[in-house]
Amino acid sequence: MSEQAIIGSLLGTALGDSLGLPFENLSPGRGATLFPQPLRHHFFLGKGMVSDDTEHATMTALALAKSGDDVAGFARHLAWSLRFWVLCIPAGIGWATLRSMVKLWLGCGPSTSGVFSAGNGPAMRSPVIGAVFSDEKDAAKRREFVRTSTRITHTDPRAEQGAQIAALAAACAARAARPEEGPRTFRELLSAAVPDLAPEWAPLLDAAFRSAATGASTSAFAAAQGWKAGISGFILHTIPAVIHAWYRSPGDLRSALSDIIAAGGDTDTTAAILGGIIGAGMRLEAFPSDLLASFRD
């Protein structure tokens, strides 16, 4: 476990979330018109604020800190954090997450509160789990904690598979000696680390690998998949797009976030997950100082 990787993942999540938030649900063309490059904070008077994506990651990190290697304790801590969080009426909460929170308050435990959905909630929480359990000797533990986190809110197997992919990517980024090694290691380990992938994943991930290798933008990749209005909150759209942007710019957080935000759609979430992955492999001094200076929350 590397404290640097955990802090970097959380900070990358927060920056991606805050930079992507003003672009949320905009098409690529509309986003470029309203907020032209270069990428900077736009939320309020040139400052950036976070949404539920960062809150999910932070609650997960706190639950990990309180529970250590006790996965049952982790589930209890995270479930209680989510229960009280939803009482604050958080903006942007997903419908599946909201329904699972109602079930928690009605007496369901964290193992039975999830609802059948393939949304992005679990993937918001998983990069920091990957940063905590980044060593390959902890791979089984990482999978168990991601599974436990996922099932509190989502029971569709594809939601867990997407979260496992994001956690593996963050783990690979965290332990890479050079940024470009992270994506290579990720691709080598993917089939063994997530052996139960639904058949829909392979063509999308293969297309992402091929497209990124050509240098094509994530907007171009999304358009080639038919996602012309942007990347939706469906896990099978979000994760391949995130992996594409990571492959394209593994060591350049600003370029990677610019790339995925320009693709439109669920931009706060896609950028938050991507930031959590890339940030896990960054030292604090490597984060763009102007983006840190304009971040407020």
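Here goes a summary of the coordinates provided. (Residues numbered from 1 in each chain as written. Predicted model: local features only at pLDDT ≥ 70, side-chain atom pairs only at ≥ 80, totals over all residues. Heavy atoms only, no water.)

## A few points about empty space enclosed by the protein
- This model, assessed by the stated rule, comprises one cavity of 30 Å³ or more.
- What the largest cavity holds in volume is close to 30 Å³.
- Residue lining of the largest cavity: Thr13, Asp53, Met124, Pro127, Ala272 and Ile273, and that is the complete set.
- Within the residue set of the lining of the largest cavity, elements represented by two or more residues are α6 (121–132) and α14 (267–279).
- Partitioned by chemical class, the residues of the lining of the largest cavity number four nonpolar, one polar and one charged. (1 Å grid on protein atoms, 1.4 Å probe; cavity = no way out; pocket = protein on both sides within 12 Å on 5 of 7 lines; lining within 4 Å. Points joined across faces, edges and corners; volume = space filled by probe spheres on them. Helix = DSSP H or I, 4+ residues; strand = E, 2+ residues; numbered from the N terminus. Nonpolar A, V, L, I, M, F, W, Y, C, P; charged D, E, K, R; others polar.)

## Some points on the layout of surface pockets
- In this structure, the largest pocket encloses a volume near 220 Å³.
- If you trace the largest pocket, you find 18 residues lining it, with Gly92, Gly94, Asn120, Met124 and Asp266 closest to the centre.
- Only α3 (52–67), α5 (95–105), α6 and α14 provide two or more residues apiece to the lining of the largest pocket.
- The dominant element in the lining of the largest pocket, judged by the number of residues it contributes, is α5, at three residues.
- Of the residues in the lining of the largest pocket, the class split is three nonpolar, eleven polar and four charged.
- Roughly 170 Å³ of volume is contained in the second largest pocket.

## What about helix α7 (residues 139–153)?
- Compared with an ideal rise of 1.5 Å per residue, which puts 15 residues at 21 Å, α7 spans 22 Å between its outermost C-alpha atoms and is within 8% of the ideal.
- Listing the buried residues of α7 in full gives Ala139, Arg142, Phe145, Val146, Thr148, Ser149, Thr150, Ile152 and Thr153.
- In the core, the buried residues of α7 are packed alongside α3, α4 (71–86), α5, α6, α8 (157–175) and α9 (181–193). (Expected span 1.5 Å × (residues − 1). Buried < 20%, exposed > 50% of the residue type's maximum accessible area, 1.4 Å probe, protein only. Contact = heavy atoms within 4.5 Å.)

## A closer look at the packing of aromatic side chains
- Scanning the model with the defined rule gives ten aromatic pairs in all.
- Arranged with centres 6.1 Å apart and planes meeting at 85 degrees, the rings of Trp80 and Trp105 form a pair that is edge-to-face. Here Trp105 lies in helix α5 and Trp80 lies in helix α4, a separation of 25 residues in the sequence.
- Among the residues examined, Trp80 registers a relative accessible area of 44% and is labelled partly exposed.
- A relative accessible area of 39% places Trp105 in the partly exposed class.
- Where Phe84 meets Trp105, the ring centres are 5.6 Å apart and the plane angle is 85 degrees; that geometry is what we call edge-to-face. With Phe84 in helix α4 and Trp105 in helix α5, the pair connects residues that are 21 residues apart, well separated along the chain.
- According to the relative accessible area criterion, Phe84 is partly exposed, its value standing at 48%.
- In this structure, Arg83 is placed above the aromatic ring of Trp80, and the distance from its NZ or CZ to the ring centre is 4.1 Å. (Phe/Tyr/Trp six-rings, centres within 6.5 Å; stacked < 30°, edge-to-face > 60°. Lys NZ or Arg CZ within 6 Å of the ring centre and 35° of its normal.)

## Quick notes on helix α10 (residues 201–213)
- If you check α10, its first and last C-alpha atoms are 18 Å apart, about what 13 residues at 1.5 Å a residue would give, namely 18 Å.
- Those residues of α10 not exposed but buried are Trp201, Leu204, Leu205, Ala207, Ala208, Phe209, Ser211 and Ala212.
- In this fold, the buried residues of α10 make contact with α8, α9, α11 (218–224) and α12 (235–248).
- Once α10 ends, the next one or two residues include Gly215, with phi positive near 85 degrees.

## Details of the environment of Leu168
- Examined against the element boundaries, Leu168 turns out to sit in helix α8.
- For Leu168, a relative accessible area of 1% puts it in the buried group.
- On a C-alpha basis, the gap between Leu168 and Leu106 in space is 33 Å, while along the polypeptide they are 62 residues apart.
- When sequence neighbours within four positions are dropped, the list of residues in contact with Leu168 reads Arg142, Phe186, Leu189, Leu190 and Ala193.

## Examining the side chain of Arg83
- Here Arg83 lies in helix α4.
- Those residues in contact with Arg83 that sit more than four places away from it in its chain are Met101, Leu104, Trp105 and Cys108.

## A word on the pattern of salt bridges
- One pass over the structure, following the stated rule, counts twelve salt bridges.
- Across the pair Arg178 and Glu180 runs a salt bridge, and its minimum N-O distance is 3.1 Å.
- Here Arg178 falls in the partly exposed class, since its relative accessible area comes to 44%.
- Its relative accessible area of 35% is what places Glu180 among the partly exposed residues.
- With its nearest N and O atoms 3.0 Å apart, the salt bridge here joins Glu181 to Arg178.
- Each of Arg147, Arg151 and Glu160 takes part in one network of salt bridges that share partners. (Salt bridge = Lys/Arg side-chain N within 4 Å of Asp/Glu carboxyl O.)

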